[in-house]
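In case you want the letters, here they are:
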Amino acid sequence: MTSRRHAADLRPSPETASKPLPGTARELFDALPQLPGLRTEVIDGRLIVSPVGTPEHARIAMRLYSALLPLIEERGWDGFSGNVDVCIDGPRDPVEPDFVLAPADCPRWGDRELLSSGLIMVAEVVSPGSVVDDRDRKPDLYAGGLVPVMLLVDPVAAPATVTVFSDPKGGEYQTVSRVSVGSPLRLPDPVGFTLETSVFEKALGNP
């Protein structure tokens, strides 16, 4: 889940010493070198640098990818498990979802960031250190960027839950559906798929 931005040398040189320092979180993000083992995002104007998830966290994202793979292949979509940056339309803030579902011709911001308004769905897996951002901030962030569907897998909740957000308007998702892990959950259009959330049970240590 590490960023794949090109490494940058931040040490002053005759060519760079006279250049102004980054003035925004986005400019600082663009100036950072590669940070192996870390995820770098801008959320509500804050540059967030955090460790990548645990193997259990990654396993949940891969279970989602596996569950959606037949749909991905049938429709010619792309599925990315935590290895692409997304640029939020409007503020141009970069985020790195745990899973991204996109059309093969999804528009980009620059060479490598997928534009949020061109996506089909994003998913986040809640970690103990990301509870507030994942539960409270990212739904509005993705809704403001016109991502049609957001999925939130929350193994931190008791019991563990899976929530789908859809119909973004005015910076908020208008429709929210939540089930406990183990129950089916309908992912609305443009996904149009019933997800059997029992696929996450083994990753959560459940029988």
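Here's what I pulled together on the structure shown here. Here the structure is a predicted model, which is why all the values come from computation and not from measurement.

**Re the nonpolar core**
By size, the foremost hydrophobic cluster in this structure holds 28 residues, and its most contacted members are Leu68, Met121, Leu151, Leu187 and Val191. Broken down by secondary-structure element, the contributors of at least two residues to this core are α2 (55–75), β6 (99–103), β9 (121–125), β10 (149–154), β11 (161–169), β13 (184–187) and β14 (193–196). Residue contributions to this core peak at six residues, all from α2. For methionine 121, the contacting residues outside a window of four places in its chain are Leu68, Phe99, Val100, Leu101, Val147, Val149, Met150, Leu151, Leu187 and Val191.

**Points about the sheet that holds strand β4 (residues 86–87)**
What the four strands build is an open sheet, ordered β5-β4-β8-β7; its pairing is mixed. Pairing within the sheet leaves two strands with one partner each, and these edge strands are β5 (94–95) and β7 (108–109). Relative to β5, β4 runs antiparallel, the two sharing two bridges. Along β5, the bridge assignment pairs valine 86 with valine 95.

**Here's the deal with α2**
Look at α2: 29 Å from first C-alpha to last across 21 residues, which is about the 30 Å you get at 1.5 Å a residue. Along α2, the sharpest change in direction is near 50° and occurs at leucine 68; proline proline 70 comes one to four residues later. For α2, the complete set of buried residues consists of His57, Ile60, Ala61, Leu64, Ala67, Leu68, Leu71 and Ile72. In the segment just after α2, glycine 76 is the residue with positive phi, at about 70°.

**Remarks on the sheet that holds β6**
If you walk across this open sheet you meet the six strands as β3-β6-β9-β10-β11-β12, and the pairing is mixed. Edge positions in the sheet fall to β3 (77–80) and β12 (172–180), since each of these pairs with one other strand and no more. Taking the axes of each pair of neighbouring strands and ignoring which way they run, one obtains an average angle of 15° across the sheet. Sheet strands touched by helix α3 (residues 131–144): β9, β10, β11 and β12. Its angle to β10, the strand with the most contacts, is close to 170°.

**A short note on the pairing of β13**
Within a regular strand, the side chains alternate between the two sheet faces. Where burial is concerned, the two faces of β13 differ: the one with Leu185 and Leu187 is buried and the one with Pro184 and Arg186 is not. As paired strands, β13 and β14 are joined by four bridges and run antiparallel to one another. Bridging across to β14, leucine 185 finds its partner in leucine 195.

**Side note on the packing of aromatic side chains**
Inspection of every chain in the model, using the stated rule, returns two aromatic pairs. A ring pair is formed by tyrosine 65 and phenylalanine 99, whose centres lie 6.4 Å apart and whose planes are at 65°; its orientation type is edge-to-face. Taken together, the residues tyrosine 65 in helix α2 and phenylalanine 99 in strand β6 connect sequence positions 34 residues apart. For tyrosine 65, a relative accessible area of 24% gives the class partly exposed. Judged by its relative accessible area of 1%, phenylalanine 99 falls in the buried class. Between phenylalanine 165 and tyrosine 173 the ring centres are 5.9 Å apart and the planes differ by 40°, which places this aromatic pair in the tilted class. The residues phenylalanine 165 and tyrosine 173 share a single accessibility class, namely buried.

Calculation notes
- Residues numbered from 1 in each chain as written.
- Predicted model: local features only at pLDDT ≥ 70, side-chain atom pairs only at ≥ 80, totals over all residues.
- Heavy atoms only, no water.
- Core = buried A, V, L, I, M, F, W, Y, C linked by side-chain atoms within 4.5 Å.
- Buried < 20%, exposed > 50% of the residue type's maximum accessible area, 1.4 Å probe, protein only.
- Helix = DSSP H or I, 4+ residues; strand = E, 2+ residues; numbered from the N terminus.
- Contact = heavy atoms within 4.5 Å.
- Pairing = 2+ DSSP bridges.
- Expected span 1.5 Å × (residues − 1).
- Bend = angle between axes of the 7 residues up to and from the residue.
- Axes fitted to C-alpha atoms, helices over the stretch in contact; angles between N-to-C directions.
- Phe/Tyr/Trp six-rings, centres within 6.5 Å; stacked < 30°, edge-to-face > 60°.

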